[in-house]
Amino acid sequence: MATKHDQILKYIEGLPIGDRISVRSIAKNLGVSEGTAYRAIKDAENIGLVSTIQRVGTIRIERKLKKHIEKLTFGEVVRIIEGDVLGGSAGLDKVLNKFVIGAMTEKAMTRYITPGSLMIVGNRQGVQKLALENGAAVLITGGFDTEVEIAELADELDMPVLRTTYDTFTVATMINRALSDQLIKKDIMLVSDIYTTLEKTNYLFSTNTIADYQKLSEKTHHSRFPVVNKSLRLVGIVTAKDVLGKTETLTMDKVMTKDPIVVKKMMSVASVSHQMIWDGLEVMPVVEDDLSLVGFVSRQDVMKAMQLVQRQPQIADTISDQISGEVMPVEEVSKAGEPQFKFSVTPQMVNSVGTISFGVLSEIISNVTQRTMITNQRRNVLIEQMSLHYLRLIQLESELDIRPRVLEIGRRSAKLDIEVYLENALVAKAIVVCQVMERT
């Protein structure tokens, strides 16, 4: 029987694209609590069924497969620019690969127009026609209309002609931001990208005996298995420690560890890595909301995935990337052999009174911690705790020297002392505790 959560997701999936939903309306229509409705709507947003738009609300959108998340369709552009479609609506599902701003003569811009591109232009019908004839869609800025002939040509070619009240610069900025956001989302690795599916998962039923466990362990050379009931719902996990020295006829429900820590497919690999290191877990069952087993994820898979993410080329910049990109290594090292770094405070990094933002300073410390550990220990880390003391105000255009020092390091954790200097005067100091990722 489907849970209330599943029923809400199914209801949302059945709504027409473009319908607006709210926590209150879902709760009222399906007779559930607002808390249950809220959690289901957030889950629907995570899996791409709905999108929350500022000043508009939560809207049912067309769900896209993750592998296509870096693609931006013309239909999505309409939503981003809050525009409307003047013609060629049959082509809204086509993918935008670049945009061109129509600020030249028609002859000069011909070579820039390629199939699948988007021509951003004002009320220049000649350019609009030229774009359509060369396989490009058209976005008319400033709220201008178009000729009937252009709309008919768009319908004939299945290439959209869109309209927005925004100006060209604003529209280009909005689309560029959307492309960048999509790429950043694509870069975040999820459990669904790395987990082992149920078909390849070895598990035991709660009615199986220790003898069954031993046979499966000998066959697979593994010692940890999820335990499920007859409905394949997870009820526990069993390890070699649980069965050691016990009678072979005992069933799994008598020896297993109940209520094990689980993960879901939409969780980030980074968060799972944190949990595994903290609790010393080797495997974690992957489940649906009703605890139905769908597979498992291993510590080895998670560590490999995290190191792969570290090595991937940067596609789009987050705020963290922009700050980290300004942290530069210094050639000389400290007396203790630790690396040193420098950072220039730019206008984007300051608060309203012209001093460095506390958040920016925290990000600098975090970046230096990770780079120090990679340089000295060849280990990746996850920041767990930071105690940051901002001793003196750091003004715009200050040139900072950052001097890290590893205080202690163990198999699972490390502690660093990081000092920030301005003209040889100590202006900030941090103690950072982090989890150490295993070498693979």
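What counts and how
- Residues numbered from 1 in each chain as written.
- Predicted model: local features only at pLDDT ≥ 70, side-chain atom pairs only at ≥ 80, totals over all residues.
- Heavy atoms only, no water.
- Helix = DSSP H or I, 4+ residues; strand = E, 2+ residues; numbered from the N terminus.
- Buried < 20%, exposed > 50% of the residue type's maximum accessible area, 1.4 Å probe, protein only.
- Contact = heavy atoms within 4.5 Å.
- Areas by Shrake-Rupley, 256 points an atom, 1.4 Å probe, with all protein chains shown as cover.
- Pairing = 2+ DSSP bridges.
- Polar contact = N/O pair within 3.5 Å; in protein donor to acceptor, adjacent residues only side chain to side chain.
- Arc of directions from axis to C-beta.
- Salt bridge = Lys/Arg side-chain N within 4 Å of Asp/Glu carboxyl O.
- Axes fitted to C-alpha atoms, helices over the stretch in contact; angles between N-to-C directions.
- Parallel < 35°, antiparallel > 145°, perpendicular 65-115°, else oblique.
- Nonpolar A, V, L, I, M, F, W, Y, C, P; charged D, E, K, R; others polar.
- Phe/Tyr/Trp six-rings, centres within 6.5 Å; stacked < 30°, edge-to-face > 60°.
- Lys NZ or Arg CZ within 6 Å of the ring centre and 35° of its normal.
- Core = buried A, V, L, I, M, F, W, Y, C linked by side-chain atoms within 4.5 Å.

The name that an unreviewed UniProt entry assigns to the protein is CBS domain-containing protein, with the source organism given as Enterococcus ureasiticus.

Asks: How would you explain the overall build of the protein if you had to name every residue and give the values?
Replies: Scanning the protein from terminus to terminus reveals 16 helices and 23 strands. A total of 440 residues make up the protein; the buried ones form 41% of that total. In the protein, of all internal contacts separated by at least 6 residues, the share reaching a separation of at least 24 is 54%. On the protein, roughly 23,800 Å² of surface is accessible, and the fraction owed to carbon and sulfur atoms is 51%.

Asks: Describe the sheet that holds strand β16 (residues 283-287), with residues and values.
Replies: Spatially, the three strands line up as an open sheet ordered β11-β17-β16, and their pairing is antiparallel. Lying at the two open borders of the sheet, with one neighbouring strand each, are β11 (196-197) and β16. As paired elements, β16 and strand β17 (residues 293-298) share five bridges and run antiparallel to each other. Looking across to β17, one finds that Val-283 is bridged to Ser-298.

Asks: Outline the environment of Thr-220, listing residues and values.
Replies: Among the structural elements, Thr-220 can be located in helix α10 (residues 210-220). For Thr-220 and Asn-202, which are 18 residues apart along the polypeptide, the C-alpha to C-alpha distance reads 8.2 Å. Other than its neighbours up to four places away in sequence, Thr-220 contacts Asn-202 and Phe-225. Only 2.8 Å separates the side chain of Thr-220 from the backbone oxygen of Leu-216, close enough to count as a polar contact.

Asks: Can you lay out helix α1 (residues 4-13) for me, pointing to particular residues and giving the numbers?
Replies: Of the residues making up α1, those classed as buried are His-5, Ile-8, Leu-9 and Ile-12. Along the long axis of α1, the arc covered by the buried residues comes to 100°, so they all point the same way.

Asks: Explain the pattern of salt bridges residue by residue, including any values.
Replies: This structure, assessed with the given rule, holds 11 salt bridges. In this structure, the salt-bridge partner of Lys-264 is Asp-289, at a minimum N-O distance of 2.6 Å. Residue Lys-264 is located in the loop between β15 (257-258) and α13 (269-279), and its partner Asp-289 is located in the loop between β16 and β17; the two are separated by 25 residues in the primary sequence. Asp-417 serves as the salt-bridge partner of Lys-429, at 2.6 Å between the closest nitrogen and oxygen.

Asks: Report on the packing of α1 against helix α2 (residues 23-30), specifying residues and quantitative values.
Replies: Across the interface, α1 lies against α2 with an axial gap of 11 Å and an inter-helix angle of 110°. As judged from the angle between their axes, α1 and α2 are roughly perpendicular. Residues Gln-7, Ile-8, Tyr-11 and Ile-12 of α1 pack against Ile-26, Asn-29 and Leu-30 of α2. When its residues are assigned to classes, the contact of α1 with α2 shows five nonpolar, two polar and no charged.

Asks: Can you break down the packing of helix α6 (residues 125-133) against helix α7 (residues 148-157) residue by residue, with the values?
Replies: Packing of α6 against α7 brings their axes to within 10 Å, and their N-to-C directions diverge by 10°. Regarding the angle of α6 to α7, the classification is roughly parallel. Of α7, the residues touching α6 (which contributes Gln-125, Gln-128, Lys-129, Leu-132 and Glu-133) are Glu-149, Ile-150, Leu-153, Ala-154 and Leu-157.

Asks: Describe the packing of aromatic side chains, and please don't skip the residues or the numbers.
Replies: Taken as a whole, this structure holds three aromatic pairs when the rule is applied. On the numbers, 5.8 Å between centres and 80° between planes, the contact of Tyr-203 with Phe-205 is edge-to-face. One cation-aromatic arrangement involves Arg-403 over Tyr-421; the distance from NZ or CZ to the ring centre is 3.9 Å.

Asks: Report on the nonpolar core, specifying residues and quantitative values.
Replies: Generally speaking, soluble globular proteins have nonpolar side chains that are buried together. If you look at the biggest cluster of nonpolar residues, it comprises 32 residues, and the most contacted ones within it are Val-77, Leu-118, Met-119, Leu-132, Leu-139 and Ile-175. Looking at this core, the elements that each hand over two or more residues are α4 (74-81), β8 (117-121), α6, β9 (137-140), α7, β10 (161-163) and α8 (168-187). For this core, the element with the highest residue contribution is α4, accounting for five residues. In this structure, Leu-118 is in contact with Phe-74, Val-77, Leu-96, Lys-98, Phe-99, Val-100, Ala-137, Val-138, Leu-139 and Ile-175, ignoring residues within four places of it in sequence.

Asks: Which residues make up the side chain of Ser-298, and what values do they have?
Replies: With respect to the helices, strands and loops of the structure, Ser-298 is situated in strand β17. Excluding its chain neighbours within four sequence positions, the residues that come into contact with Ser-298 are Met-276, Glu-282 and Val-283.

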